[in-house]
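What follows is the residue order along each chain.
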Amino acid sequence: QSVLTQPPSVSGAPGQRVTISCTGSSSNIGAGYDVHWYQQLPGTAPKLLIYANSNRPSGVPDRFSGSKSGTSASLAITGLQAEDEADYYCQSYDSSLSGLYVFGTGTKVTVL
Amino acid sequence: EVQLVESGGGLVQPGGSLRLSCAASGFTVSSNYMTWVRQAPGKGLEWVSVIYSGGSTYYADSVKGRFTISRDNSKNTLYLQMNSLRAEDTAVYYCARETRYYYGSGSYNVWGQGTTVTVSS
């Protein structure tokens, strides 16, 4: 059971900006642990998109950005493109007894 | 080239066992934190287990006592032994390499293609 909550879906027209929230608690994001983001295209393995809250791995377009505040984090996609249509997951560390690593519930981004 | 290739998935009856393998190339498994993540059909990602470079292992509550993560240094391969399988273990299983920035911060920058496990009678 995911302890990081994301909206099930977000959508936007090409060129627009969309944001995805990731809400946690005092045992994960609120405890100061970093948030990482992944993009999963249909039928493929996840791909690291943002690490340590706001850093982009080499090759990830600067249209993708991340931020963190309090018990939440956000992923923003600016200049939305058709190829951005995918599932997005946040991930963090959790200090509770239920597990060490946690993923968000996932968000489907649809490009209208 | 850094790569992970999983194998060993298949159809198994409830209560049965299966061992998944994850062969690594381009880096040394034993020097890294290696993880299994699964994804049930139509569902999100679920962290399953990790083995640290020092050998410590940890499991999600949902698999604790039934699954065992291990590695074979000579084969540079990661394993997941799954026993007492249940229908709810049906999923695509991915192995991944963690990049650890500091305590409490690690992301998965290398993923395998996944192997499918179906638990059904």
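These remarks concern the structure in this document. (Residues numbered from 1 in each chain as written. Chains lettered and ligands numbered in written order. Predicted model: local features only at pLDDT ≥ 70, side-chain atom pairs only at ≥ 80, totals over all residues. Heavy atoms only, no water.)

1. Remarks on the state of the cysteines
Argument step 1. All told, the structure shown has two disulfides over all chains when counted by the stated rule.
Argument step 2. Disulfide pairing is shown between C22 of chain A and C90 of chain A; the S-S distance is 2.1 Å. Residues C22 of chain A and C90 of chain A are joined by a disulfide whose S-S torsion is about 75 degrees; by sign, that bridge is right-handed. One end of the pair, C22 of chain A, is in strand β2 (residues 18-23); the other, C90 of chain A, is in strand β7 (residues 86-93), and 68 residues separate them in sequence. The same class applies to C22 of chain A as to C90 of chain A, namely buried.
Argument step 3. Sulfur-sulfur distance for the disulfide between C22 of chain B and C95 of chain B comes to 2.0 Å. (Disulfide = S-S within 2.5 Å. Helix = DSSP H or I, 4+ residues; strand = E, 2+ residues; numbered from the N terminus. Buried < 20%, exposed > 50% of the residue type's maximum accessible area, 1.4 Å probe, protein only.)

2. Details of the interface of chain A and chain B
Accessible area lost on assembly of the parts is the figure often given for the size of an interface.
Argument step 1. Each partner contributes to the interface: chain A provides 19 residues, whereas chain B provides 25 residues.
Argument step 2. Summing both sides of the interface, chain A and chain B together bury roughly 1900 Å²; the carbon and sulfur share of this comes to 57%.
Argument step 3. The largest share of the area that chain A buries against chain B comes from P46, Y101 and F103 of chain A, three residues that together contribute 32% of it.
Argument step 4. Inspection of the chain A/chain B interface yields zero salt bridges.
Argument step 5. Viewed at the interface, chain B and chain A are joined by twelve residue pairs in polar contact (both at pLDDT 80 or more).
Argument step 6. Secondary-structure elements contributing two or more residues to the side of chain A that touches chain B are β3 (36-40), β7 and β8 (101-103) of chain A.
Argument step 7. Among the residues forming the side of chain A that touches chain B, the class breakdown is twelve nonpolar, six polar and one charged. (Contact = heavy atoms within 4.5 Å. Buried area = accessible area lost by both parts, 1.4 Å probe. Salt bridge = Lys/Arg side-chain N within 4 Å of Asp/Glu carboxyl O. Polar contact = N/O pair within 3.5 Å; in protein donor to acceptor, adjacent residues only side chain to side chain. Nonpolar A, V, L, I, M, F, W, Y, C, P; charged D, E, K, R; others polar.)

3. Some remarks on the sheet that holds strand β8 (residues 77-82) of chain B
Residue and element names in this part refer to chain B.
Argument step 1. Taken in spatial order, the four strands line up as β1-β3-β8-β7 in an open sheet, and their pairing is antiparallel. The open sheet has two edge strands with one neighbour each: β1 (3-7) and β7 (67-72). Averaged over neighbouring strand pairs, the angle between their axes works out to 20 degrees when direction is ignored.
Argument step 2. Sheet analysis places β1 next to strand β3 (residues 18-25), joined by five bridges and oriented antiparallel. The residue bridging L4 from the neighbouring strand is A24, located in β3. (Pairing = 2+ DSSP bridges. Axes fitted to C-alpha atoms, helices over the stretch in contact; angles between N-to-C directions.)

4. Some thoughts on the side chain of S49 of chain B
Residues and elements named next belong to chain B.
Argument step 1. If you trace the backbone, S49 turns up in strand β5 (residues 45-51).
Argument step 2. Since its relative accessible area comes to 0%, S49 is described here as buried.
Argument step 3. Side-chain polar atoms of S49 contact the backbone oxygen of Y58, separated by 2.9 Å.

5. So, unusual backbone geometry
Argument step 1. Backbone geometry places A52 of chain A, a non-glycine residue, at a positive phi of 50 degrees.
Argument step 2. The residue A52 of chain A is located in the loop between β4 (47-50) and β5 (64-69) in this model.
Argument step 3. Positive phi, normally seen in glycine, also occurs at N76 of chain B, with a value near 50 degrees.
Argument step 4. Along the chain, the position of N76 of chain B falls in the loop between β7 and β8.

6. Regarding the pairing of strand β9 (residues 107-111) of chain A
All names here are of chain A.
Argument step 1. Side chains T107, V109 and V111 of β9 all project onto a buried face; the interleaved residues K108 and T110 project onto a face where none is buried.
Argument step 2. The pairing of strand β1 (residues 9-12) with β9 spans four bridges and is parallel. Opposite S9, over in β9, you have K108 as the bridge partner.

7. Quick word on the pattern of salt bridges
Residues and elements named next belong to chain B.
Argument step 1. Scanning the model with the defined rule gives six salt bridges over all chains in all.
Argument step 2. Residues R66 and D89 are paired through a salt bridge, measuring 2.7 Å at the closest nitrogen-oxygen approach. In this pair, R66 sits in the loop between β6 (57-59) and β7 while D89 sits in the loop between β8 and β9 (91-102), placing the two residues 23 residues apart along the sequence.
Argument step 3. For R66, a relative accessible area of 8% puts it in the buried group.
Argument step 4. A salt bridge links E98 to R100; the shortest N-O distance between them is 2.7 Å.
Argument step 5. On the accessibility criterion, E98 (3% relative accessible area) is buried.
Argument step 6. Within this structure, R38, E46, R66 and D89 form a network of salt bridges that share partners.

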